[in-house]
Amino acid sequence: MLKRERLMTIRDLVDRKGIITVSEICDNLGVSTMTVRRDLNELAEQNILVRIHGGAQSRQYSQMTELSRVEKRSLHVSAKTQIAKIVASLIDDGDTVYIGPGTTNELIAQFVSAADVRVITNSLPVFQTFQERSDRFQLELIGGTYRTRSGAFIGSLANEVLNRLRMDKAFVSVNGVEDNVISNANAEEGQTQSIALSNSGKRYVVGDHSKLNKRDFYGFYDLDQMDGLITDSGASSADVEKYRRFTQVLTGTQKNTK
């Protein structure tokens, strides 16, 4: 297969599937992983697709359903790691913090150096990452109706418990930040996060640069009611300035102060 034909085939596969792995492309084309990675990098440089960890994502693909957390884990891994480090730097000794569901938030535990921290979450995957270091943290897992797609507990039981709690800081991950609205794909999950935010002394929204200027199904909080938007160094200077109209913006390019 000629290179031009191979690139056109890869583009078609990515556009049809939305997200595709290197191994899937290898199986379809019968070529080496090295060849596929080189082709993907070339197509990414031409802005034909978005290069992600282990594969590629189409720029043309319209995601009709919310990605599962397993699918999200492979997206923007470096950016999410930058954000997780910033979040960890904002957690002080003795804090009680709420950490909401999200694959970015699942990376926070490994970077927290503060002592005597109480972690409250309604996310089973987030709880499990902190559980691995349970000798250093006091963990509180909020129960409720389990939502498989995000790994979160939501609904009336989760809301009732969170309504009774008070936290020093809350960190919520979102699917979209557009102007003054932060949003996600599920209304019940958004409502649960909204309660946690309202019951916290300081509130932070967490989202990598791909979430900026996007709105998902359910807008659950106003950005100007947040103490900060935490994103990564991939955010453009124009976007940073835009969102500074609403709140403080913390990125991976700057040293953060508490």
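Residues numbered from 1 in each chain as written. Predicted model: local features only at pLDDT ≥ 70, side-chain atom pairs only at ≥ 80, totals over all residues. Heavy atoms only, no water.

Draft legend 1. Representation of the pairing of strand E12 (residues 200-206). Of all seven residues that make up E12, five are buried, and the element is covered over most of its length. Bridge count between strand E9 (residues 167-173) and E12: six bridges; the pairing is parallel. Its bridge partner lying in E12, valine 172 is registered against valine 205. Bridge count for E12 against strand E14 (residues 228-230) is three bridges, and the pairing is parallel. Looking at the pairing, tyrosine 204 lines up with glycine 228 of E14. (Buried < 20%, exposed > 50% of the residue type's maximum accessible area, 1.4 Å probe, protein only. Helix = DSSP H or I, 4+ residues; strand = E, 2+ residues; numbered from the N terminus. Pairing = 2+ DSSP bridges.)

Draft legend 2. Structural detail: the side chain of aspartate 239. Here aspartate 239 is to be found in helix H9 (residues 237-243). Buried charge without a salt bridge: aspartate 239, with lysine 242 as the nearest opposite-charge side chain at an N-O distance of 5.2 Å. The contact partners of aspartate 239, leaving out residues within four places of it in the chain, are Leu212 and Asn213. (Lys, Arg positive; Asp, Glu negative; His and termini not counted. Salt bridge = Lys/Arg side-chain N within 4 Å of Asp/Glu carboxyl O. Contact = heavy atoms within 4.5 Å.)

Draft legend 3. Up close: the side chain of serine 123. Tracing the chain through its elements places serine 123 in the loop between strand E5 (117-121) and helix H6 (124-131). Within polar-contact distance, the side chain of serine 123 engages the backbone nitrogen of valine 126 at 3.2 Å. Sequence-distant contacts of serine 123, defined by excluding residues within four places in its chain, comprise Gly100, Pro101, Leu141, Gly151 and Ala152. (Polar contact = N/O pair within 3.5 Å; in protein donor to acceptor, adjacent residues only side chain to side chain.)

Draft legend 4. Highlighting the pairing of strand E2 (residues 49-52). Summarising the sheet, E2 and strand E3 (residues 55-58) pair through four bridges and their orientation is antiparallel. Across the sheet, isoleucine 52 pairs through a bridge with glycine 55, a residue of E3. Taking the residues between adjacent antiparallel strands as the criterion, E2 and E3 are bridged by two residues, where glycine 54 takes a positive phi near 85 degrees.

Draft legend 5. Geometry of helix H3 (residues 33-45). When the terminal C-alpha atoms of H3 are compared, their 18 Å separation across 13 residues agrees well with the 18 Å that a helix rising 1.5 Å per residue should span. What H3 keeps buried is the set Thr35, Val36, Asp39, Leu40, Leu43 and Ala44. Considered in projection along H3, the buried side chains sweep an arc of 165 degrees and stay on one side of the axis. In H3, the exposed residues that point more than 90 degrees away from the buried face are Met34 and Glu45. Residues of H3 that are buried in the fold lie against helix H1 (3-17), helix H2 (22-29), E2 and E3. (Expected span 1.5 Å × (residues − 1). Arc of directions from axis to C-beta.)

Draft legend 6. Fine view of the sheet that holds E5. Reading across the sheet, the seven strands line up as E6-E5-E4-E9-E12-E14-E15 and stay open at both edges, with parallel pairing between neighbours. For this open sheet the edge positions go to strand E6 (137-141) and strand E15 (249-250), each flanked by a neighbour on one side alone. Looking at chain direction, strand E4 (residues 96-99) and E9 are connected through three bridges and run parallel. Opposite tyrosine 98, over in E9, you have alanine 170 as the bridge partner. Contacts from helix H5 (residues 77-89) reach E9, E12, E14 and E15 within the one sheet, and its direction differs from that of E14 by about 140 degrees. (Axes fitted to C-alpha atoms, helices over the stretch in contact; angles between N-to-C directions.)

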